[in-house]
Amino acid sequence: MKKHIIACLAGAAALCCLAACGGESLSASTPSVSSAAASQSEASSQPEPTQQPVEAGLLTADLPVEGSLQPVESDIFAGYDHFSAFKNGWAFVFKGNQAGYLSESGEYKPLYTISEEELYSMNLDDIPGSSSPRREDIYFLTQNFACGKNGVVPYYQDGKWGYSDLDGNIIVQPQYTAVEPMNGLALGHRDEEGGAYGGHYVYDLLNEKGEVLFTGSCWADGSLGYYMTIDEDGVGHLYNADGSLVLDNVTHAIAGNRPRPQIDLYEGGVVVDGDQCYGPNPPVEKGTIAVFDRSGNVIGENPEYEILGIESDGSMYISGDGGFGVLDKDFNLVVEPSLSLISDMDENGLRYMRTKATGKIRQYDAQLQEVESQPALTYISGESVQDEETRETIATAYLMDQDGNAVMELESRYLGDINGMYYPTTPLTEGDWMYWCPNADTIQVYHIEKAQ
């Protein structure tokens, strides 16, 4: 449920560039102040000063960007039967029963031998897995075998799975029927038959040192730093990666043989829809939508706009009026819903945004001031038509530069409505990789480089 919430707008239709981009529609009402602030006001004998309304602004994208980028087709995966996308500098590769990892510079590290049948049975989330079509293949391998930030990867030995580093040094002894990529937290599947905890499968919740934090029915998202445990009464408890409690009585459902919280989780907090809560002592009443910080404090209820993400500084990405905008941590609208793209903040607190008015994409700091930007490419869906003879969907797409100019036109042919693009993030910047599937059996790999 990691929400690398890159929100994109193509024409009049809002598109999420990654699968997990939004949540349930939020009810339209006046935003409230946080419950903590309200409690403080009631306890005080003196009235709180009236908060001055924030005047929402429009981003201008005034600063020029030097240079542009181009996708250059690469043969870095030539000779491999199967491969994942690059993640944290490495891609999983497979050929002739030999599994290993390939760096972006072409360094290869073989790790273990395994049959193709056994490889594709290692699937914690029941992701559609097969060696064809290729788009499903790259998705399956990326989701199940990606290299963690600390260089830890799933490792196979004698029919069981554990973890090793990229040199084959074992970190967790192979003892599981399945594992997931290690990204600060991970799950090891213990019970192949399932049913020990109210019909749920049994997992070891592991930290990046390989230590077991919990055994039973559980769920984890290491990239966001959340995990959830289910007690013997079937009650869900949501925690931060450090073990501090976020919420009790978390509503959950079974997906991919394990429980998943039925709330939207983000870097800076969670959104709970009371209409989806059930069981004893739900955290939010029916008909209420509440936004919590990572300490479990309510910071607002029933926001006027649909929330697409919460950053670590408390700012929120929202959808409304045919575009995207930004709320501050106090639910004040600071950027009108006038944007067609908002990316996640990077480690420096910068994010890319594109205005509908200009079509330009620029970087902005945490205070939403435009800063000197690096070139970037974004992906825009074009028209789709159906080939009456083959019944295939013929879809057109474009790569656009930071000033709204088309850099590349792409076309895919699929039976059914399938997007031909697979890539980890957008916008694309120098050094990124792009994976285009013009048909079910082909992957074209591009490296993003400075335009010549």
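Quick notes on the rules
Residues numbered from 1 in each chain as written. Predicted model: local features only at pLDDT ≥ 70, side-chain atom pairs only at ≥ 80, totals over all residues. Heavy atoms only, no water. Helix = DSSP H or I, 4+ residues; strand = E, 2+ residues; numbered from the N terminus. Buried < 20%, exposed > 50% of the residue type's maximum accessible area, 1.4 Å probe, protein only. Contact = heavy atoms within 4.5 Å. Areas by Shrake-Rupley, 256 points an atom, 1.4 Å probe, with all protein chains shown as cover. Phe/Tyr/Trp six-rings, centres within 6.5 Å; stacked < 30°, edge-to-face > 60°. Pairing = 2+ DSSP bridges. Axes fitted to C-alpha atoms, helices over the stretch in contact; angles between N-to-C directions. pLDDT = per-residue confidence, 0-100. Salt bridge = Lys/Arg side-chain N within 4 Å of Asp/Glu carboxyl O. Core = buried A, V, L, I, M, F, W, Y, C linked by side-chain atoms within 4.5 Å. Lys, Arg positive; Asp, Glu negative; His and termini not counted. Polar contact = N/O pair within 3.5 Å; in protein donor to acceptor, adjacent residues only side chain to side chain.

## Thoughts on the overall build of the protein
Piece 1. If you tally the helices and strands in the protein, you get three helices and 35 strands.
Piece 2. Taking all 452 residues of the protein together, the buried fraction comes to 49%.
Piece 3. Of the contacts formed within the protein by residues at least 6 apart in sequence, a portion of 46% connects residues at least 24 apart.
Piece 4. Put simply, the protein shows about 20,500 Å² of open surface, and 45% of that area lies on carbon and sulfur atoms.

## Describing the packing of aromatic side chains
Piece 1. Scanning all chains against the criterion turns up 15 aromatic pairs.
Piece 2. Ring geometry for Y139 and Y422: centres 6.3 Å apart, planes at 80°, overall edge-to-face. One end of the pair, Y139, is in helix α3 (residues 134–145); the other, Y422, is in strand β33 (residues 421–422), with 283 residues separating them in the sequence.
Piece 3. On the basis of relative accessible area, Y139 is assigned to the partly exposed category, the value being 33%.
Piece 4. On the basis of relative accessibility, which here comes to 10%, the residue Y422 falls in the buried class.
Piece 5. The interplanar angle of 20° and the centroid separation of 5.2 Å between the aromatic rings of Y227 and Y239 together place this pair among those described as stacked. Residue Y227 is located in strand β15 (residues 226–230), and its partner Y239 is located in strand β16 (residues 236–240); the two are separated by twelve residues in the primary sequence.
Piece 6. On the basis of relative accessibility, which here comes to 10%, the residue Y227 falls in the buried class.

## Topic: the sheet that holds strand β8 (residues 152–157)
Piece 1. Within the open sheet, the three strands sit side by side as β8-β9-β10. Their pairing is antiparallel. The sheet is open, and its two borders are formed by β8 and β10 (170–176), each paired with just one other strand. Pairs of neighbouring strands in the sheet enclose a mean axial angle of 25°, with direction left out of account.
Piece 2. With three bridges connecting them, strand β9 (residues 160–165) and β10 associate as antiparallel partners. Pairing of Y163 across the sheet is with V172, part of β10.

## Description of the sheet that holds strand β31 (residues 392–400)
Piece 1. Pairing is antiparallel in the open sheet, where three strands are placed in the order β30-β31-β32. This sheet does not close on itself; its edge strands, each paired only once, are β30 (378–386) and β32 (406–415). Each adjacent strand pair in this sheet contributes to an overall mean axis angle of 20°, direction not counted.

## Re the confidence of the model for the protein
Piece 1. Averaged over the protein, the pLDDT score is 84; the fraction of residues at 70 or greater is 84%.
Piece 2. Across residues 1–53, confidence stays below pLDDT 50; counting only partners more than four residues off in sequence or on other chains, it has 118 contacts.
Piece 3. This model gives residues 194–198 a pLDDT under 50, and the stretch forms eleven contacts once residues within four places in sequence are excluded.

## Describing unusual backbone geometry
Comment: phi is negative for the bulk of residues other than glycine, and the bulk of peptide bonds are trans.
Piece 1. Although it is not a glycine, A61 sits at a positive phi angle of roughly 55°.
Piece 2. With respect to the helices and strands, the residue A61 is situated in the loop between α1 (35–43) and β3 (69–73).
Piece 3. If you check the backbone angles, L368 has positive phi at about 65° while not being a glycine.
Piece 4. For L368, a relative accessible area of 13% gives the class buried.

## A look at the pairing of strand β17 (residues 245–250)
Piece 1. Two elements, β16 and β17, share four bridges in a ladder whose sense is antiparallel. The residue bridging L238 from the neighbouring strand is L247, located in β17.
Piece 2. Counted between consecutive antiparallel strands, the loop separating β16 from β17 contains four residues, among which G243 sits at a positive phi close to 95°.

## Quick notes on the pattern of salt bridges
Piece 1. Applying the stated criterion across every chain yields a total of eleven salt bridges.
Piece 2. In this structure, the salt-bridge partner of D275 is K286, at a minimum N-O distance of 3.9 Å. Residue D275 is found in the loop between β21 (269–273) and β22 (289–292), and its partner K286 is found in the loop between β21 and β22; the two are separated by eleven residues along the sequence.
Piece 3. Judged by its relative accessible area of 46%, D275 is partly exposed.
Piece 4. Of the charged contacts in the structure, one is a salt bridge between K329 and D330, with a shortest N-O distance of 3.8 Å.
Piece 5. Here D330 falls in the partly exposed class, since its relative accessible area comes to 41%.

## Let's talk about the pairing of strand β25 (residues 316–320)
Piece 1. Most of β25 is tucked away, with four of its five residues classed as buried.
Piece 2. Bridging between β25 and strand β26 (residues 323–327) involves five bridges; their strand directions are antiparallel. The residue of β26 that forms the bridge with G320 is G323.

## A look at the nonpolar core
Piece 1. Core analysis: the largest hydrophobic core is formed by 39 residues, its most contacted members being F92, Y112 and F145.
Piece 2. For this core, the element with the highest residue contribution is β8, accounting for four residues.
Piece 3. Every residue in contact with Y112, bar those within four places of it in the chain, is listed here: F92, N97, Q98, A99, F145, P154, Y155, Y156 and W161.
Piece 4. In terms of nonpolar packing, the next biggest core, distinct from the first, is built from 30 residues, I76, F83, L410 and I448 among them.

## Some remarks on the side chain of R351
Piece 1. One can find R351 in strand β28 (residues 351–355).
Piece 2. One buried charge, R351, has no salt-bridge partner; the nearest side chain with opposite charge is D313, at 4.7 Å.
Piece 3. Within the local environment of R351, its side chain forms a polar contact with the side chain of S315, the two groups lying 3.4 Å apart.
Piece 4. In contact with R351, not counting residues within four places along its chain, are E311, S315, Y317, S343, D344, M345, R362, Q363, Y364, D365, A366 and L368.

## As for the environment of F86
Piece 1. Here F86 lies in the loop between β4 (82–83) and β5 (90–95).
Piece 2. You can call F86 buried: its relative accessible area is 7%.
Piece 3. For the pair F86 and M434, spaced 348 residues apart in sequence, the C-alpha separation works out to 9.6 Å.

## Digging into the environment of L333
Piece 1. When you line up the elements, L333 lands in strand β27 (residues 333–342).
Piece 2. On the accessibility criterion, L333 (16% relative accessible area) is buried.
Piece 3. The sequence separation of L333 and E304 amounts to 29 residues, and the corresponding C-alpha distance is 9.9 Å.

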